[in-house]
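# Understanding the architecture of this molecule
Spelled out, the chains give:
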Amino acid sequence: MNRDLLNSASVSKTAIVLNFLSVYIVWGSTYLAIKYAVASFPPLLMAATRFFVAGLLMMIIGKLRNEVKLQSQDQRLAAMSGMLLVLANGFVCIAEMSLPSGFVAIVIGMTPICVMILNWFFFEKVKPSLLQFLGILISLLGIILLTKNDSANIESSSAINIFLLVLAALSWAAGSIMQRGSGKVPNIFSYSGFQLVIGAIMIGAIGAVMGEIGQIEVSQINSLGIFSLLYLIIFGSTISFSSYIWISRHVDPQKVATYAVVNPVVAVWLGWAIADETLNIRTVLYSILVIVGLFFVLFKKGVPLREASLSE
C-alpha cells in the first residue's frame, strides 16, 4: 500500500488494507445476499431489521469502548445522513426483487457521478473537469446500453425499479456528502450505530405503512434467507459500514471512492457464479464501459470545464 494513502503516520497500513478488503469484497457480496434475503422477507422490513440490529450492535461496541456520548449537533447530522443512506439501501432491496444483483450493483456504482453532480449544482459548486465530464457521459452510455441489453431478462415492472435505483444512488450520494461533516467525530461506533438505528426506524415505518407486515409469510422463509439476513447484519453492516466510515476518515477520498468501481465487479461475477445470473459478452462490455467512465470520474484530474471554455 502506497504511503500517499495515509493522512497520518500513526495509521496502520495493515488496518487500511483490511478495511479496504472489507469494503471491496463484503460490500460487493451484499447485493447477492440481498437477492436471497428479499426472497424470504419483505424488502423494507428486511432492510429495517438489518440496520436496526446492526446499529444496536455498533452502539453496544461503542459503549464497551467507552466512546463519549454524541453531542446534539452530531446526533442531528447522524440522523439526517443515516436516513438518506438507509433509504438508498431500501430502494435497492425493492429493486432486487425483480432485477439481477449484478445489474443493480452496476447502476448503484454510478453514485460517485451523483455526488459530483449534486456537488456541482447544490453544494460546493465545483464543476467537473473535462475528463470527469467525459467519464459521466461514458458511464451513462454504458448504463443505457446495459439496460437495453438486459431488457429481455427483466420483468415489465422493472422501469419503476430502475427509477428506484436512480433515487437510491442520489440518496446515497446526498447522505455521503452530509457524512463529510462527521470527520471530526471520534466515537465511530456510536455515531455509525445511531445512523443505522434512525434510518432503520424510518424505513421500517415506511414498510409498515406500505403493508409489508401483512406480506410476511412464514412458509416463504428459508434457511438461505435467514443466513443472508444474518450475513447482511454482521458483515454487510456492522463490519463493512464501520470499515467504510474508518477509511473515509483516514484515507484520501479518491482512494475511498474506488469501492464504487470494485463493488460492481464483485457483484456481477458472484451473481453469475452463484445465482446463475446472465453474463454475456455484451453485458461484460457494457459493464466495462460503465467502469471506465467511473475511472475517469474518480481518478483523472483534467482541466475544469470553466477553464476549458475560456481557453477555447
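Throughout what follows, the structure given in this document is the object of discussion. Not measured: the values here are computed from a predicted model. (Residues numbered from 1 in each chain as written. Predicted model: local features only at pLDDT ≥ 70, side-chain atom pairs only at ≥ 80, totals over all residues. Heavy atoms only, no water.)

## Examining the overall build of the protein chain
- Along its length, the protein chain carries 13 helices and 0 strands.
- Burial statistics for the protein chain: of 312 residues in total, 52% are counted as buried.
- Accessible surface for the protein chain amounts to roughly 14900 Å². Of this, 68% is attributable to carbon and sulfur atoms. (Helix = DSSP H or I, 4+ residues; strand = E, 2+ residues; numbered from the N terminus. Buried < 20%, exposed > 50% of the residue type's maximum accessible area, 1.4 Å probe, protein only. Areas by Shrake-Rupley, 256 points an atom, 1.4 Å probe, with all protein chains shown as cover.)

## With respect to the pattern of salt bridges
- Tallied over the entire structure, the rule returns 2 salt bridges.
- With its nearest N and O atoms 3.6 Å apart, the salt bridge here joins Lys-35 to Glu-277. A residue pair is termed long-range when its members are at least 10 positions apart, and Lys-35 in helix H1 (residues 13-37) and Glu-277 in the loop between helix H11 (259-275) and helix H12 (281-299) qualify at 242 residues.
- Lys-35 gets classed as partly exposed once you look at its relative accessible area, which sits at 25%.
- Ionic pairing is found between Arg-65 and Glu-67, a salt bridge with its closest N-O pair at 3.4 Å. (Salt bridge = Lys/Arg side-chain N within 4 Å of Asp/Glu carboxyl O.)

## Looking at the nonpolar core
- Met-46, Val-92, Leu-165, Trp-172, Phe-241 and Tyr-244 are the most contacted members of the largest nonpolar core, which has 68 residues in total.
- Looking at this core element by element, the count peaks at 9 residues for H1.
- Ala-169, Ala-173, Ala-174 and Ile-177 belong to the second-largest nonpolar core, a separate cluster that totals 7 residues. (Core = buried A, V, L, I, M, F, W, Y, C linked by side-chain atoms within 4.5 Å.)

## Regarding empty space enclosed by the protein
- Enumeration according to the criterion identifies 1 cavity of 30 Å³ or more in this entry.
- When residues of the lining of the largest cavity are traced back to their parent elements, those giving at least two are H1, helix H2 (43-64), helix H3 (72-95), helix H4 (101-108), helix H5 (111-121), helix H7 (158-179), helix H9 (223-250) and H11.
- Of the residues contributing to the lining of the largest cavity, the split by class is 19 nonpolar, 7 polar and 1 charged. (1 Å grid on protein atoms, 1.4 Å probe; cavity = no way out; pocket = protein on both sides within 12 Å on 5 of 7 lines; lining within 4 Å. Points joined across faces, edges and corners; volume = space filled by probe spheres on them. Nonpolar A, V, L, I, M, F, W, Y, C, P; charged D, E, K, R; others polar.)

## What about the packing of H4 against H11?
- Here H4 crosses H11 at 170°, and the two axes come no closer than 8 Å. Overall, the two elements H4 and H11 adopt an arrangement that is roughly antiparallel. Residue-level contacts link Ser-101, Gly-102, Ala-105 and Ile-106 of H4 to Pro-264, Ala-267, Val-268 and Gly-271 of H11.
- By residue class, the composition of the contact of H4 with H11 is 5 nonpolar, 3 polar and no charged. (Axes fitted to C-alpha atoms, helices over the stretch in contact; angles between N-to-C directions. Parallel < 35°, antiparallel > 145°, perpendicular 65-115°, else oblique. Contact = heavy atoms within 4.5 Å.)

## Things to note about the side chain of Thr-111
- By secondary structure assignment, the location of Thr-111 is in helix H5.
- Owing to a relative accessible area of 5%, Thr-111 belongs among the buried residues under this scheme.
- Among the polar contacts made by the side chain of Thr-111, one reaches the main-chain carbonyl oxygen of Ile-108 at a distance of 2.7 Å.
- Ignoring sequence-local partners within four residues, the contact set of Thr-111 consists of Ala-169, Trp-172 and Ala-173. (Polar contact = N/O pair within 3.5 Å; in protein donor to acceptor, adjacent residues only side chain to side chain.)

Everything listed here is a matter of coordinates, which is why it stays silent on function.
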